[in-house]
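# Structural characterization, general
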2 protein chains.
Amino acid sequence: MSQLNIGFVIFPQLTQLDFTGPLQVLSRLPGAAMHIIAKSDAPVPGGFGVVQAIEDRETVEFVRRQAAGAKYVTSVCTGAFVLGAAGLLKGRRATTHWAYTDLLPMVGAVHEKARIVKDGNVITAGGVTSGIDFALSIAADIAGTAVAQSIQLSIEYDPAPPFDAGHPDRAPEAAKSRLTARYERSREAYRASLGRVFASP
Amino acid sequence: MSQLNIGFVIFPQLTQLDFTGPLQVLSRLPGAAMHIIAKSDAPVPGGFGVVQAIEDRETVEFVRRQAAGAKYVTSVCTGAFVLGAAGLLKGRRATTHWAYTDLLPMVGAVHEKARIVKDGNVITAGGVTSGIDFALSIAADIAGTAVAQSIQLSIEYDPAPPFDAGHPDRAPEAAKSRLTARYERSREAYRASLGRVFASP
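What you see is a predicted model; the values in this text were computed from it and never measured.

### Section: the overall build of chain A
In terms of regular secondary structure, chain A is built from 7 helices and 7 strands. For chain A, the N- to C-terminal ordering of α and β elements is β-α-β-α-α-β-α-β-β-β-β-α-α-α. A compact globule built from 201 residues would reach a C-alpha radius of gyration of about 17 Å, and chain A, at 17 Å, matches this within 12%. Overall size of chain A, expressed as C-alpha extent along the three principal axes, is 45 × 45 × 35 Å. Relative to its 201 residues, chain A shows a buried fraction of 52%.

What follows is the structure, encoded as structure tokens:
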């Protein structure tokens, strides 16, 4: 079997589960070699660092170069804006964390309301935990249903959330408005950051 | 608000998602201080290292000492056997990864068939991804339903697995038998390891 190279570009203040959800699934694919790619080997504490990554030319250029030869180009959560900054979502249907979907036009993408959006070889997933569903779906594409199902069973992915609050259409209004207020500053930072990226020569 | 101290004992060859699923949920609790506890600050690659942790006296002793003053004593996946090696599951109802539940009597526990099992202040969760459900449930206990729901929404936890293969009762027979064969050696290692722990003076 030829080697299956899977690369994760990580950066300071990464949201851990955006990365480790898909990593846990995809590292169990037969023949998969995982490449965890970062500018330094310093520990990467969790946080909300995508907005800095968007303006990091080295990171964005790396993603653009790799995308040219990649079978799949994918993102989880607001990682979509890293693809976007690299010009990879232009004219594509895409998604991102629910609180940021209205910013997708800033990178030339059209928001499609779904947990996982496939447009050609570009696959974007919604917020954080959507990365697990995304990874199982791509595992099935790559290695077949039987392999994906055995990975799902190995991680006992039989979700039973205690509440039905994980989607903005069904979450209680209180949860939604609490977060919307909290995200406003972050959304402003994304807008500013993307504005600078696309204004620069 | 008094500080909420949450400790994660990690060790070499940790299954990343066992740790980062709950971490991502619990780190969003108001006033929470996360303590990631390891014997060294060397990077911790993913793997199947619980079986070594069980026989590491320092780790097990640490867990036993901390448990004495803890409000909750919890585990995800086969982490249950670390609690077990520390004597913390004796006479308790508990669970672990589905492929290892029949080993629970070796640590004096009675398996209860559920994704999350609470017995007093000891909470054990099933395999890997069950840690997310577990963490949301304990988040609600600690900080109330409204907070837990807003955390669930912030991580967009509206799971949509592509297959219904995450529970051994419903997974296709092929997935189950493929894994059962693969786990046999690991189960043997757990049996041997627990045998040595409980045989030693």
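Right, picking up where we left off after that structure.
### Thoughts on the packing of aromatic side chains
Residue and element names in this part refer to chain A. Per the stated rule, a full pass over the model turns up 10 aromatic pairs over all chains. An angle of 70° between the planes, with centres 5.4 Å apart, marks the rings of phenylalanine 8 and phenylalanine 19 as edge-to-face. Here the residue phenylalanine 8 occupies a position in strand β1 (residues 4-9), and phenylalanine 19 occupies one in helix α1 (residues 16-26), the gap between them amounting to 11 residues. Of the two residues, phenylalanine 8 and phenylalanine 19, both sit in the buried class.

### A look at the sheet that holds strand β6 (residues 116-119) of chain A
All names here are of chain A. Taking strand neighbours across the sheet as the criterion, the 3 strands line up as β3-β7-β6 in an open arrangement whose pairing is mixed. Where the open sheet ends on each side, the last strands, each with one partner, are β3 (73-76) and β6. Each strand of the sheet is rotated relative to its neighbour by a mean of 10°, with strand direction disregarded. For β3 and strand β7 (residues 122-125), the ladder comprises 4 bridges, and the chain directions are parallel. Counted as the bridge partner of threonine 74 is isoleucine 123 from β7. Where helix α5 (residues 130-143) meets the sheet, it contacts β3, β6 and β7, and its direction lies at approximately 155° from that of β3.

### Considering the interface of chain B and chain A
Each side of the interface is counted separately: chain B has 53 residues, and chain A has 53 residues. Summing the contributions of chain B and of chain A, the shared interface buries around 4500 Å²; its carbon and sulfur component is 62%. Interface area lost by chain B to chain A is led by Leu153, Glu156 and Phe163 of chain B, which between them contribute 17%. Along the contact surface separating chain B from chain A lie 2 salt bridges. Between aspartate 158 of chain A and arginine 170 of chain B there is a salt bridge; the shortest N-O distance is 2.5 Å. If you look at where chain B meets chain A, you find 29 residue pairs in polar contact (both at pLDDT 80 or more). Residue assignment for the side of chain B that touches chain A shows that the elements contributing at least two residues are α1 (16-26), α5 (130-143), α6 (145-154) and α7 (173-199) of chain B. Residue classes in the side of chain B that touches chain A are distributed as 26 nonpolar, 18 polar and 9 charged.

### Some words on the pairing of strand β1 (residues 4-9) of chain B
All names here are of chain B. Of the pairings in the sheet, the one linking β1 to strand β2 (residues 32-37) comprises 6 bridges and is parallel in character. Paired with valine 9 across the two strands is isoleucine 37, which belongs to β2. Running through α1, the crossover from β1 to the neighbouring parallel element β2 is right-handed.

### A short note on the environment of phenylalanine 19 of chain B
What makes phenylalanine 19 of chain B buried here is its relative accessible area of 11%. When neighbours within four sequence positions are excluded, phenylalanine 19 of chain B is seen to be in contact with Phe8, Ile10, Leu14 and Ile36 of chain B.

### Points about the side chain of glutamate 156 of chain A
Summarising the element assignment, glutamate 156 of chain A is placed in the loop between α6 (145-154) and α7 (173-199). Among buried Asp, Glu, Lys and Arg side chains, glutamate 156 of chain A stands out as unpaired, with arginine 115 of chain B the closest opposite charge at 4.7 Å. In terms of polar contacts, glutamate 156 of chain A uses its side chain to reach the backbone amide nitrogen of glycine 127 of chain B, at 2.8 Å. If near-sequence neighbours (up to four positions away) are discounted, glutamate 156 of chain A is found in contact with Thr96, His97, Trp98, Arg115, Gly126, Gly127, Thr129 and Gly166 of chain B.

### What about the environment of isoleucine 151 of chain A?
Residues and elements named next belong to chain A. Take isoleucine 151: it is sitting in helix α6. Residue classification places isoleucine 151 among the buried positions, given a relative accessible area of 3%. Measuring from C-alpha to C-alpha, the distance between isoleucine 151 and serine 137 comes to 11 Å, with 14 residues separating the pair along the chain. Ignoring anything within four residues of it in the chain, the contact list for isoleucine 151 reads Val25, Arg28, Leu29, Leu136 and Ala139.

Conventions we followed
- Sequence order as written defines the numbering, with residues in each chain counted from 1.
- Key to labels: chains lettered from A, ligands numbered from 1, both in the order written.
- Totals for whole chains, interfaces and linings use all residues, but because this is a predicted model, local features are given only for residues with pLDDT of at least 70 and pairs of side-chain atoms are given and counted only at 80 or more.
- Just so you know, side-chain values use all the structure's heavy atoms and leave hydrogens and water out.
- Runs of E in the DSSP output that reach at least two residues are strands. Runs of H or I that reach at least four are helices, and both are numbered from the N terminus.
- For this measure, only C-alpha atoms enter the radius of gyration; the expected value for a globule follows 2.2 Å times N^0.38, where N is the number of residues.
- Each residue gets one of three labels from its accessible area relative to the maximum for its type: buried under 20%, exposed over 50%, partly exposed in between, using a 1.4 Å probe on protein chains only.
- Note on aromatic contacts: the rings of Phe and Tyr and the six-membered ring of Trp form a pair at centre separations within 6.5 Å, being stacked when their planes are under 30 degrees apart, edge-to-face when over 60 apart, and tilted otherwise.
- When DSSP locates at least two bridges between a pair of strands, those strands are taken to pair.
- Each axis is a line fitted through C-alpha atoms, and for a helix only the stretch in contact is used; angles between axes span 0 to 180 degrees, taken between their N-to-C directions.
- Whether two residues are in contact is decided by their heavy atoms: any pair within 4.5 Å suffices.
- Here's the idea: put two parts together, see how much 1.4 Å probe accessible area each one loses, and the total over both is what we call buried area.
- Should a side-chain nitrogen of Lys or Arg be within 4 Å of a carboxyl oxygen of Asp or Glu, the pair is scored as a salt bridge.
- In the analysis that follows, any N or O atom pair within 3.5 Å is treated as a polar contact, provided that within protein one partner can donate a hydrogen and the other can accept it, and provided that, for residues neighboring in sequence, both atoms belong to side chains.
- Residue polarity follows a fixed list, in which Ala, Val, Leu, Ile, Met, Phe, Trp, Tyr, Cys and Pro are nonpolar, Asp, Glu, Lys and Arg are charged, and the others, Gly among them, are polar.
- Place the viewer so that the strands point away; then a crossover is right-handed whenever the path from the first strand over the helix to the second strand goes clockwise.
- His is not counted here, nor are the chain ends, while Lys and Arg score as positive and Asp and Glu score as negative.

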